[in-house]
Amino acid sequence: MVELTRFGISLDKSLLRQFDEHIKKKHYTNRSKALADLIRKDLIKNEWQENKTVCGVITLVYNHHKRELVNRLMDIQHDYHDNILSTQHLHLDEDNCLEIIAIKGKAKNIKELFGRFESSKGVKYAVFTEATTGKEVV
Ligand code: NI
């Protein structure tokens, strides 16, 4: 069971008001959960900066008629097979593919892997979501 601790924070009144309005829009029902989530986000950001083992998702959109690109993206995935948990390929229409790649590994390797996808000629859109294995974050 998680042990809870209460503590006081001194904040600028208008900053707290802004925060309350912000979290209300996000449907938080109390400040504690919103604040804990902010702390977790910062700790997870730090996992990435300190080259810890992390998880994430890479999203790519590309034209499947560009066969060289399709082969290149496949080669990259084989080069980094240790870091790739799964790949989901969706045929968006006659021309475009959406690929969702779940990844896990040292942050440095993951960033390098993303860079190879992103810089591949013909990739229309590449975005990268940093996540966590959850092991070091309560
Ligand atoms: Ni496709």
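(A) Representation of the coordination of the nickel ion in the model. Within the protein, the nickel ion binds to His89 (NE2), His91 (ND1) and Cys97 (SG); these donor distances fall in the range 2.1 to 2.4 Å. In primary sequence terms, the donor set of the nickel ion follows H-x1-H-x5-C.

(B) Here's a closer look at the pattern of salt bridges. If you walk through the whole model with that rule in mind, you get six salt bridges. Asp37 is the partner of Lys33 in a salt bridge, and the nearest nitrogen-oxygen pair spans 3.1 Å. With Lys33 and Asp37 both in helix H2 (residues 31-49) and four residues apart, the pair spans about one turn of that helix. You can call Asp37 buried: its relative accessible area is 16%.

(C) Highlighting the packing of aromatic side chains. Applying the stated criterion across every chain, the model contains two aromatic pairs. Pairing Trp48 with Phe128 gives two aromatic rings, centres 5.3 Å apart and planes at 75°, and the pair type is edge-to-face. With Trp48 in helix H2 and Phe128 in strand E4 (residues 123-131), this residue pair connects regions lying 80 residues apart in the sequence. Between the aromatic rings of Phe114 and Phe128, the centroid separation amounts to 5.0 Å while the plane-to-plane angle is 20°, which identifies the pairing as stacked. Remark: Phe128 occurs in strand E4 and Phe114 occurs in helix H4 (residues 107-118); sequence separation between them is 14 residues. Pair check on accessibility: Phe114 and Phe128 agree, each one buried. Aromatic ring contacts, followed pair by pair, group Trp48, Phe114 and Phe128 into a single cluster.

(D) Examining the packing of helix H3 (residues 67-79) against H4 more closely. Relative to each other, H3 and H4 sit at 170°, their axes nearing to 10 Å. One element, H3, and the other, H4, form an angle in the roughly antiparallel class. Residues Arg72, Leu73, Ile76, Gln77 and Asp79 of H3 lie in contact with H4, whose contacting residues are Leu113, Arg116 and Phe117. In terms of residue class, the contact of H3 with H4 is made up of four nonpolar, one polar and three charged.

Criteria and cut-off values
- Within each chain, residues carry numbers counting from 1 in the order of the written sequence.
- Where local features are concerned, this predicted model is filtered to residues with pLDDT of at least 70; where side-chain atom pairs are given and counted, the filter is 80 or more; whole-chain, interface and lining totals use all residues.
- Side-chain measures here rest on the full set of heavy atoms in the structure, leaving out hydrogens and waters.
- A donor here means any N, O or S atom no more than 2.8 Å from the metal (3.2 Å for Na, K and Ca); water is not included, so a site may seem to lack partners.
- By convention in these notes, a salt bridge is any Lys or Arg side-chain nitrogen within 4 Å of a carboxyl oxygen on Asp or Glu.
- Numbering of helices and strands starts at the N terminus; helices are DSSP runs of H or I of at least 4 residues and strands are runs of E of at least 2.
- To sort residues, take the accessible area from a 1.4 Å probe on protein chains only and compare it with the maximum for the residue type: under 20% means buried, over 50% means exposed, and anything in between is partly exposed.
- Between rings of Phe, Tyr and Trp, where Trp is taken as its six-membered ring, a pair exists when centres lie within 6.5 Å; planes separated by under 30 degrees are stacked, by over 60 edge-to-face, and by other angles tilted.
- Orientation is described by lines fitted to C-alpha atoms, with helices fitted over the stretch in contact, and by angles between N-to-C directions that extend from 0 to 180 degrees.
- Here the word oblique covers every angle except those under 35 degrees (roughly parallel), over 145 (roughly antiparallel) and from 65 to 115 (roughly perpendicular).
- Residues are treated as being in contact if the distance between any of their heavy atoms lies within 4.5 Å.
- Residues are grouped as follows: Ala, Val, Leu, Ile, Met, Phe, Trp, Tyr, Cys and Pro are nonpolar; Asp, Glu, Lys and Arg are charged; all remaining types, including Gly, are polar.

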